[in-house]
Amino acid sequence: MRKVALFLIAIFTLMVGCTTFDCSMYNDVSANYAFKKSLEEGETEDSKDDASVILKDKYISVIAVRPQKDSDSIINKWPNPKTLSIPVGFAQEEDELIFQLQDSEYKVIKEDTVKITKTNDPVFENVDCYPRYNHQVLSAVTTKNFIDSIVINNKSIDNDLTKVHFYLYLHPSD
């Protein structure tokens, strides 16, 4: 009987000491971008088809520009993109991303820089995990080589990966 009691205490101690909380599942904070068609001449916002567009026969690469560090390639040669999910930095108040539009031979056709200014708000889910950072988007700007404009659709970036945060409106020729 004593052995059974010790065995049960050992099992209970192991169960109490282990956590079932999956940190990686709760710490992923990414901004979702959807490509949209820009308004053409004579078209109004009400008559426009609001569906995302697919960049057919095109590839996208996204490079994160990091201050005092080498730039990081986040997405490399993504084929026929419609939407992109890009991790949000938490070490600085502005994320600078270079979007490269490439042809079928991976040659850069056009390139745009997108700058996102945001807050970095730490969130602690569990003592066993590193903090996650939620963000409030303050502004978003872009150069206008193939991206005509950027629109903030949802200012709150958190670990809900179903939200579209930004619409990237493309020039009609792209």
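In what follows, the structure referred to is the one given above.
As a starting point, this report considers the structure included with it.

Criteria and cut-off values
- Residues numbered from 1 in each chain as written.
- Predicted model: local features only at pLDDT ≥ 70, side-chain atom pairs only at ≥ 80, totals over all residues.
- Heavy atoms only, no water.
- Helix = DSSP H or I, 4+ residues; strand = E, 2+ residues; numbered from the N terminus.
- Buried < 20%, exposed > 50% of the residue type's maximum accessible area, 1.4 Å probe, protein only.
- Contact = heavy atoms within 4.5 Å.
- Areas by Shrake-Rupley, 256 points an atom, 1.4 Å probe, with all protein chains shown as cover.
- Polar contact = N/O pair within 3.5 Å; in protein donor to acceptor, adjacent residues only side chain to side chain.
- Pairing = 2+ DSSP bridges.
- Axes fitted to C-alpha atoms, helices over the stretch in contact; angles between N-to-C directions.
- Phe/Tyr/Trp six-rings, centres within 6.5 Å; stacked < 30°, edge-to-face > 60°.
- Salt bridge = Lys/Arg side-chain N within 4 Å of Asp/Glu carboxyl O.

Looking now at the overall build of the protein. Broken down by element type, the protein carries two helices and eleven strands. The secondary structure elements of the protein, listed N-terminal to C-terminal, are α-α-β-β-β-β-β-β-β-β-β-β-β. In the protein, buried positions account for 32% of the 174 residues. Considering only residue pairs separated by 6 or more positions, the protein has 55% of its internal contacts joining residues 24 or more positions apart. Carbon and sulfur atoms form 54% of the exposed surface of the protein, whose accessible area is close to 10900 Å².

With respect to the helices and strands, Asn-32 occurs in strand β1 (residues 30-37). Within the structure, the side chain of Asn-32 is placed 3.0 Å from the backbone oxygen of Leu-161, a separation counted as a polar contact. In this structure, Asn-32 is in contact with Leu-84, Ser-85, Leu-161, Thr-162, Lys-163, Val-164, His-165 and Phe-166, ignoring residues within four places of it in sequence.

Moving on to the pairing of β1. Buried residues dominate β1, accounting for seven of its eight residues. In this sheet, strand β4 (residues 83-87) lies alongside β1 in antiparallel orientation, the contact comprising five bridges. Across the sheet, residue Ser-30 finds its bridge partner in β4, namely Pro-87. Both β1 and strand β11 (residues 166-170) contribute to a ladder of five bridges, which runs parallel. Looking at β11, one finds that Lys-36 is bridged to Tyr-169.

Attention shifts here to the sheet that holds β1. Across the sheet, which stays open at both edges, the four strands sit in the order β4-β1-β11-β9 with mixed pairing between neighbours. In this open sheet, the two strands that pair with only one neighbour each are β4 and β9 (147-152). In this sheet, neighbouring strand axes are inclined to one another by 25 degrees on average, regardless of whether the strands run parallel or antiparallel.

The next point concerns the packing of aromatic side chains. Given two aromatic rings, one states the distance between the centres and the angle between the planes to describe the pair. Throughout the structure, instances matching the rule amount to five aromatic pairs. For the ring pair Tyr-33 and Phe-166, a centre distance of 4.9 Å and an interplane angle of 25 degrees mean the geometry is stacked. Linking Tyr-33 in strand β1 with Phe-166 in strand β11, this pair joins segments that are 133 residues apart in sequence. The class of Phe-166 is buried, set by a relative accessible area of 0%. Each ring, one from Tyr-167 and one from Tyr-169, has its centre 6.3 Å from the other, and the planes form 70 degrees; the classification is edge-to-face. Each member of the pair, Tyr-167 as well as Tyr-169, carries the same accessibility label: buried.

Located in the positive-phi region is Lys-77, a residue other than glycine, with phi close to 55 degrees. Counting through the fold element by element, Lys-77 comes out in strand β3 (residues 72-79).

Turning next to the pattern of salt bridges. Counted under the stated rule, the structure contains four salt bridges. Residues Asp-72 and Arg-66 are paired through a salt bridge, measuring 3.6 Å at the closest nitrogen-oxygen approach. Overall, Asp-72 belongs to the partly exposed group, its relative accessible area being 36%. Here Asp-95 makes a salt bridge to Lys-118, at a shortest N to O gap of 3.7 Å.

Turning to the environment of Asp-22, a few remarks are in order. Looking at the element boundaries, Asp-22 is found in the loop between α1 (2-17) and α2 (23-27). Accessibility expressed as a relative area gives 38% for Asp-22, which makes it partly exposed.

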